[in-house]
Each structure stands twice: as structure tokens, then as C-alpha cells.
Amino acid sequence: MAMASIATRARKPNLLAWRSLRFRATGGGRLGLASFSSSSSPTPASSSLSDPELEPPPPPPAAGTKVLESFREDFEIGSRLITLETGKIARFANGAVVLGMEDTKVLSTVASSKGDAVGSFLPLTVDYQEKQFARGLIPKTYTRREGAPKERELLVGRLIDRPIRPLFPAGFFHEVQVMASVLSSDGKQDPDVMAANATSAALMLSDIPWGGPIGVIRIGRICGEFIINPTTDELNLSDLNLVYACTKDKTLMIDVQAREISEKDLQAGLRLAHPEAVKYLEPQMRLAAKAGKTKKEYKLSMISDRTLEKVRDLAEAPIEAVFTDPSYGKFERGEALDNITRDVKRTLEEEGDEESLSVLPRAVDTVRKKVVRKRIIAKGLRVDGRQLDEVRPLYCEAGYLPMLQGSSVFSRGDTQVLCTVTIGAPGDAQKLDSIVGPPSKRFMLHYTFPPFSINEVGKRVGLNRREVGHGTLAEKALLAVLPPEDSFPYTVRVNSEVMASDGSTSMATVCGGSMALMDAGIPLREHVAGISVGLVSELDPVTGEITDYQILTDILGLEDHLGDMDFKIAGTRKGVTAIQLDIKPAGIPLDIICECLEPAHKGRLQILDHMEREISLPRTQDDRNTPQLANLKFSNEALRRLIGPLGVLKRRIEEETGARLSVSDGTLTIVAKNPTVMEKVLEKIEFTVGREMEVGGTYKGIVTSIKEYGAFVELNGGQQGLLHISELSHEPVSRVSDVISVGQLLTVMCIGQDVRGNIKLSLKATSPQQASEPNSVVKQAVSIWPSIKDGPGSQEQDSKEESSSQSIESYASRAPSILIRSAAECEEEEKSAGLLETLQNSKSSKKSASSTEKRSQLKSTFSGEGDEETEKEAPTAKNLKLGMRITAKVHKVLGRGLVLDLGNGVRGMYRFEGEGKADYEVGDPLRVVCTSFSSKGVPVMSLLKDD
């Protein structure tokens, strides 16, 4: 018998500690516990654990020494070297095996209760655990311990339970516990399949009666090529994740997640998986032959033939009468069957048959099973009167709860589910703490099965294995049609509430969830529907082989309980997206499994037709309850301002608005419940971060200070702008404080920028002016912004200079609105104000003719003539380019040049080529061309002399 040797470490052994514990190294890689009373006898040693220079060769093991023997089997599947080892650790367990694949190792142990079994079912418990030490990490919890089982651990436990449970012998009701844990993980291999194979090997080594071994394999597909035992990186590229469990010639369990794979390709994958999974069987049997225990004789709880015959005589006829009446509903049928059981019990009590009374529920259930199966196989008659391939009546309703983002109700027969959809920000994604796989997931489906759905009383507890399993199956089915993350980065949660249950609520969840997602406006590629297929078979009593069978489409809960198989298949019109196969007998031939795919496909298409008649495309209407989603790009500096220290500002915005904000790679994602919330959060973000200032754009800001000539407003993420007194109201304003106050929130319009880029704001531009007379045109004198001197506070100083030294500008800034109906009235008003006299006195005699022409153009501008042409030719800050020819006006005459008004609030500058200051006055029109831009972005203009 081969003995596995123990590898020595690089460091030198601590000989004192080794000897003080009275351990000694033995030949063949064994660890022996020295006996105090026994003497040693010489035996050859094949290896030594210690350095021969440090310690003399160890003596041979003494008589009575406890020797730890380890047994190992190495084999290869799909280019992966796999090892099975037992005897080194967990020696007291009934069966313990460590399965290794590269640097990933999984330990699985089994144990069974002592004494007689109590109950009428197999109390099998499978606990799977992934501790963080397996990948060299410390848990992030407060106590730094692993807490309650996570969803993944529950799912892997179910994956192990489903193939091993059918192989326990009938009547074996002793408690069995399987504990699987990951010892180390390299992140390349998923330990779930490894744990299932290790559990099979541990059961083979134990004394528990079990009809194994089994083999479990994972199959992937990349670019049409199947891959055996794919790594986690390969699974990310695969369009198929198939987990297949079998015995030598029969299928036990199938679990599939796919991206619309066709039934033909799926069959090819199943037929490839079976021979690969069988390769796990021979190494397990060799290991069991070396180190396995003799199977123990457990007492089986069986129904005697006498009891079964007596119950059949009393109950078979009335049970058959109930099942032949299709008018019975689920609860009416159940009540009638309960009455039959009570009648049989009364008869047995009168006879004093205690043996039959102790197993009466199981005996009656056995009779029911035989009656139903006989009718289905012999006559093709189902409990509710349907044909074998007939789907129950369907009811679909999308938008059942209009207040929610998405909702639907789906009914198939008496089975009914209510599905709702909630959309969140990317930051709402579920954080996963698994040793393999992605760190988070953005799509979640939570399935709930309340007791009232079957008219029972129950208690709501924590995570339920059944609910987690059903929800994950529906989640995998819908995941294939979701839009990719780069185009739809939001987190989506689907809630499925079972309202009534009579079979296949998980497949109803798939249908209801698909409609709810479309009702929420999520761009699914197409609908996904699911259906459950059952099997009723007849076995040869001698060989145990199936001699006859019938396939049932859309099974009832009773047909699931009394049948052999629950084959759940979900997909689109193009192909399958998810499969889950659970069986009750000790395996079903793969040919029958593949035959079930065709009726499932026909039933799925029928359901899809009903769903598409209700809702065929994602909803696009934008009403008050439609969720709003937005992606905004900002610089890192702007995002830092938005988040604030320790995220205080971001949390405050979320609390005040109810929206969700998520920041990632320069992108701010906003998820709001409705348009009102979105508008509110955008307003707060704009005020905090700001956006690009544009002439004519409206912004919200807060008054920070008030001066005699206007007020300074903070807006657009901290920028300052001047709100001149002339821009406060269409009516005359004598004091700024009469209209606004410090701290007041205002909605203002940007009306331009000066040469230095300072912002000019207007409050009156945000509200329309009411005309005092019909057909009158109201014109407001334009306030003129002075040049900006260098140094801090220049904007405020220049405003004061404007108020005191520029008589025309001062007049214009304080003049009330003027009603002008014609050019003549305009000229008369200007004369009364002294404006024309001022202009005429400042002209030289040689320019009198030119001055008259300029004044007529000025009058034309005030009277509204030529406005349309000027507005059409005036550039904006965005479209102004080199070489563009413009008719500008003198805005300001400086010592070395002119400040030009190019229109639309854009200012440019012209430098004097000689002593030409006296030749230009405010308001003079000039034909200029843009020749360059200054270092601060101010356009530099030149005169067009020969234009």
C-alpha cells in the first residue's frame, strides 16, 4: 500500500519542541505518536524529516505507535491535474477528503447521527463555507470573523445537495451532515464543483449507505469551442456555464447559465459533459478500496407490504375518484385527500393496527403517487384534465403599480407572482465577498415565498435556501438580455413576491420580471420566459431501468411532488438562458433529458406570445413617476468640490433630494425617482460644481454683497458676477437694497463678459417686460461696462469710476425705460436729455458729415431698425474665428486703443496705430476683422479700410 510522504519545510526544525511533544519522524512519511510503554522494533526507514547533520537517523517506530497514513489519487481531466487525498487531516470524521486542483484545495467531511432514525424524510444538511484565510485576507467585518452564510455559500450548498440526495437508499432517514470548506484558493478555479466531487469521495469512504460515486464537471464555450473545467477568466469570456452531475450512465443534476444558446448546441454540451464527468468515478473507487470503511447496517424505515396493501384497499378508489375530477382546485383537492386520510385512520384505529397508523401518511402518499402515475402513463390523463403538452391559462399585466418604476403581474393557472423593479446608481451595486468571481453585481433578483401563498402560517426568518436558489435561477435567466454595463451602468433590483403557488413559481418570476423590466424602460434585447417540464416513469422492478415514461409540460405542484423530475428551462426565442434540473430517482438517462428540450421550447414560445401582446418594447413615456437617469462629465477638481470632505456634500444632496449619486472615473451618475427630483438635484449640483458660462444662459446664485452701483452674486460653482443696478428691474431703482438683499437666491441671466472675462448679470432679463401701451416697443438703455484695471478688486473700483466720470454711461445706467414709436420721437427725446448736443460738441468740423451719418445709425439702432441684420451677423464666443469680418461698435475709448462691442455680449480690442484717439467716439460703427486672440482669449481686431 502506497504511503504519501510529507514535504519538509526550508527552515530547520525545532528539535526541542519536536521531542518535548514526544513526536518522532517515522519511515514512509508517517507521523507517529510515541508510546510510553512500548518498545521499538527495527524496521527500515524510507525517508527522514530532519537534517542528518543535525539529528541522528530516527529509530524505527515502536510497537503500538499510532501511525497516520495518508492515501492519494492523482488523475487528469481537461488538462487539469486533480488530486484526492485522505488520512492526513480530519481523521475523526466518518469520511474526509481533500480535493486539489493546482493551488486550490477543498476539504469535505461527512458524518451521520447515531441511533435509530426519527421522522419520515432524509434530514440531509450541506454546509459550504469560504473563509477569507483561503486567499490570505482578514474579514472586513467589525469582529473580523466570517458571519452568517452568504448567498454564494447557500447556492454552493444546494449544488452539492441536489446530486447526492437521490442516491441515499429508500427509508434511510438518519441525519447526515456534509461540511465543505475551502482551504486555499488561487482565484483561478471555482471551488464549487471541486467541493461536490470531494463530497462524493467522502461519502464513498464513510460507512453511510450511499449509491455513489458521482462525477461533477463544468463546461464552458468560447467562440464555439467547448472548454472542460474552465478557469474563472475563461468563464468571463464564455457564453455557457454548464455544471453537470451524473453516475456512470445516468444524469443527476444540470445547472446552466447561458447567453441564448440554442437547444442543439446545449445538447452537444450535455453529451460532451457526461463522459468527462465519468472520469471522476474511477479515482474515487480506487481511493475507497484503499481507505474506505465497510458500509454499516443502518435500520431503514420501510412500509411493510401488509400495511401498504391494507391502505391501498381502503384509499385507492376514493383517491382515484378525486384525481379523475378535473373540477377540483388545488385546495379543494387537498381537502378531499385529507378527508380520505382521516377516514383510513379512523378505520385503522378501530382495528387497533398501530403499525399501520405509525406510517399512515407515507402509505397514503405512496398510494396517491401510484394512482396519479398510472393514469398519466397508461391513459395520458393529468390531474387537472389538461393534455400532456398543454400550458395552463395565462394572464399578463404590465404597469400594475404605476407609482413604481416598473411592475407586473404574471399568472399561470393558480400560480401568481408580483414583480417590481427599482433602478439605482452604480454605487448601489451589491458588494460580493467571495474568494472567486467579481467583487460586485449590478443586477439583483430577490425572490420571496410568503406562507400565505399556500394558505399556511409561518414565520419570516433570514436567508432561505429555497428562496435564494429560486431567485438566483431567475436572475441568471434575465441577465443574458440586459444591456451591457458601458451603455447602461445603473444598478437594477427586481423583487418577486409570490402571491399564490401551484407549481413553478421560479419560472413565473422569470416571466413577470421580464415584463417589469420593460415596464421600467430598461432596454432589454427581448423577452425571457420560463417553463417547467416534468417526468413520470415506470421502472422495471428487477433491473430498475425505465420501461415507459411520459413528459409533462407546465407541471402542477402536485405533479412535481408525485413525479420524477422538475426540469426548469428559461430562454428567449433565440435560445436558452438558464436551466435547473432536479430529480427524485437515482438518475435519469440523458436521452430523456434531451427529449424534454423540445416540448419546453414550444411552451416557452406560447408564453412569449402572451407577454409580447401585453408589452413588447421598453416603455419610453416620460411622466411624473418615470425614473430619471443622467451621466455627467466633470473634472476631478469639480468632483472633489461636489463630494466635499469625507463625502459630506454628496450625502447632504442625497438626503435633501432623495436621489442617488455615484462618482466613477470623472463621471457623475444620477438616479432620481422622477423628473421633479432630477431637476432639484441638478440645480444643487449646478450651484456646487457649476457649468460653462454662456451668454443668454440662466443661472441660480446667491447675493454675497451689495454696493451702490449693484450687487455681486456667487453662482455656477463659486464664480462671481456683477448685477448692475440698471439690470435689477425694468422699473427705475434708486437703491439696490430695495430690490435684493444679501443671501437671497436669485435666478439671473448672463448678458456678457468684459475684456478681462468678468461676468455681467441681469435680473430683469429673466422676466418679460409688460408694455404700457399696445404695439409699443420697450427699449432699455444699455449699461456700459468700464475697462478693468489690473489688481484685486478692479471690478468694484472700475464700477465706481464708471458712476462718477462717465456722464453718458451714468445717464444710461440710471435712466428709466423709454417708449419710442418713431425716429423723430427718439431724436426729440435725445435733444431734451442733452445727449445729441454732447455728441455734436465733441465732433470736429472736418467730421461733421460723418457724425451726422453715425447719429442716424444710432437713432436707427434705438428705434429698432436694422436689429435683425445686426443680430444675424453678430458672432458668439463659440463661433468667432480668425479672419471673420464684423461690423462692431466702439464700446470704450482708451488711451492706446478701443474696446469694441462685437455683439451678443462679446468684447474685442483694437490697438491704435497712430494718434487716432480723437477720431473715434462711443457708438461709432467700424468694420473690423479678427486677426488674433490675446493670452486671455480676448479677440484682437484690425480695421478694414478697403472693404
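Residues numbered from 1 in each chain as written. Predicted model: local features only at pLDDT ≥ 70, side-chain atom pairs only at ≥ 80, totals over all residues. Heavy atoms only, no water.

K.L.:
Hey, could you go over unusual backbone geometry for me, with residue numbers and the actual values?
P.N.:
For the bond from G212 to P213, the omega torsion is 5°, close enough to zero to count as cis. In this model, S79 sits at a positive phi of 65°, which is unusual for a non-glycine residue. Of note, S79 is situated in the loop between β4 (71–77) and β5 (80–86). Residue class for S79 comes out exposed when judged on its relative accessible area of 59%. Phi is positive for N455, which is not a glycine, with a value near 60°. Within the secondary structure layout, N455 lies in the loop between β19 (443–448) and α11 (465–479). Relative accessible area serves as the criterion here: at 62%, N455 is assigned to the exposed category. (Helix = DSSP H or I, 4+ residues; strand = E, 2+ residues; numbered from the N terminus. Buried < 20%, exposed > 50% of the residue type's maximum accessible area, 1.4 Å probe, protein only.)

K.L.:
Could you give me a rundown of the environment of P589, with the residues and numbers involved?
P.N.:
Residue placement: P589 occurs in the loop between β24 (576–583) and α14 (590–595). Expressed as a C-alpha distance, the spacing of P589 and C246, which sit 343 residues apart in the sequence, is 9.6 Å. If near-sequence neighbours (up to four positions away) are discounted, P589 is found in contact with K250 and I546. (Contact = heavy atoms within 4.5 Å.)

K.L.:
So what about the sheet that holds strand β32 (residues 759–762)? Which residues, and what values?
P.N.:
Spatially, five strands are ordered β28-β29-β30-β32-β31 in a closed barrel, and the strand pairing comes out mixed. With strand direction ignored, the average angle separating the axes of adjacent strands in the sheet is 55°. Here helix α18 (residues 675–689) sits on the sheet and contacts β28 (698–706) and β29 (710–715); the angle it forms with β28, its principal contact strand, is near 50°. (Pairing = 2+ DSSP bridges. Axes fitted to C-alpha atoms, helices over the stretch in contact; angles between N-to-C directions.)

K.L.:
Got a sec to walk through helix α8 (residues 330–351)? Specific residues and values, please.
P.N.:
A rise of 1.5 Å per residue sets the reference length of α8, with its 22 residues, at 32 Å; its end C-alpha atoms lie 32 Å apart and thus fit the reference within 8%. Those residues of α8 that sit buried are R333, A336, L337, I340, T341, V344 and L348. End-on view of α8: buried residues confined to an arc of 140°, all on one side of the axis. Away from its buried face, by an angle of more than 90 degrees, α8 presents the exposed residues E335 and E350. If you follow the buried residues of α8, they end up packed against α7 (305–323), α9 (354–358), α10 (360–379) and α13 (557–562). A positive backbone phi angle near 70° is found at G352, which sits one or two residues after α8. (Expected span 1.5 Å × (residues − 1). Arc of directions from axis to C-beta.)

K.L.:
Tell me about the pattern of salt bridges, and please be specific about residues and values.
P.N.:
All told, the structure shown has 49 salt bridges when counted by the stated rule. For D609, the salt bridge is made with R573, and the minimal N-O distance between the two is 2.5 Å. In this pair, D609 is assigned in helix α15 (residues 597–614) and R573 in the loop between β23 (565–571) and β24, connecting sequence segments 36 residues apart. Taking the relative accessible area as the measure of exposure, D609 reaches 33% and is therefore partly exposed. Taking relative accessible area as the criterion, R573 reaches 34% and is therefore assigned partly exposed. Taken together, the salt bridges that share partners define one network made up of R382, D384, R386, R392, R412, D554 and E559. (Salt bridge = Lys/Arg side-chain N within 4 Å of Asp/Glu carboxyl O.)

K.L.:
Give me the sheet that holds strand β26 (residues 660–664): which residues, what numbers.
P.N.:
The strand order β25-β27-β26 describes an open sheet built from three strands, whose pairing is antiparallel. Strands with a single pairing partner mark the edges of an open sheet, and in this sheet they are β25 (628–633) and β26. Averaged over all pairs of adjacent strands, the angle between strand axes in this sheet comes to 15°, irrespective of strand direction. For β26 and strand β27 (residues 667–672), the ladder comprises five bridges, and the chain directions are antiparallel. For S662, the partnering residue across the bridge sits in β27 and is T669. The strands touched by α18 within the sheet are β25, β26 and β27, with β27 carrying the most contacts at an inclination of about 145°.

K.L.:
Lay out the packing of aromatic side chains in plain terms, naming residues and giving numbers.
P.N.:
The tally for this structure, following the rule as stated, stands at four aromatic pairs. Seen from their ring centres, F75 and Y280 are 5.8 Å apart, and the 85° between their planes marks the pair as edge-to-face. Of this pair, F75 sits in strand β4 while Y280 sits in the loop between α5 (263–278) and α6 (281–291); the two residues are 205 residues apart in sequence, bridging distant segments of the chain. A ring pair is formed by F488 and Y490, whose centres lie 5.0 Å apart and whose planes are at 80°; its orientation type is edge-to-face. Through successive ring pairs, a cluster of aromatic residues spans F168, F172 and Y298. Across from the ring centre of F449, 4.4 Å away, lies the NZ or CZ of R466, which sits over that ring. (Phe/Tyr/Trp six-rings, centres within 6.5 Å; stacked < 30°, edge-to-face > 60°. Lys NZ or Arg CZ within 6 Å of the ring centre and 35° of its normal.)

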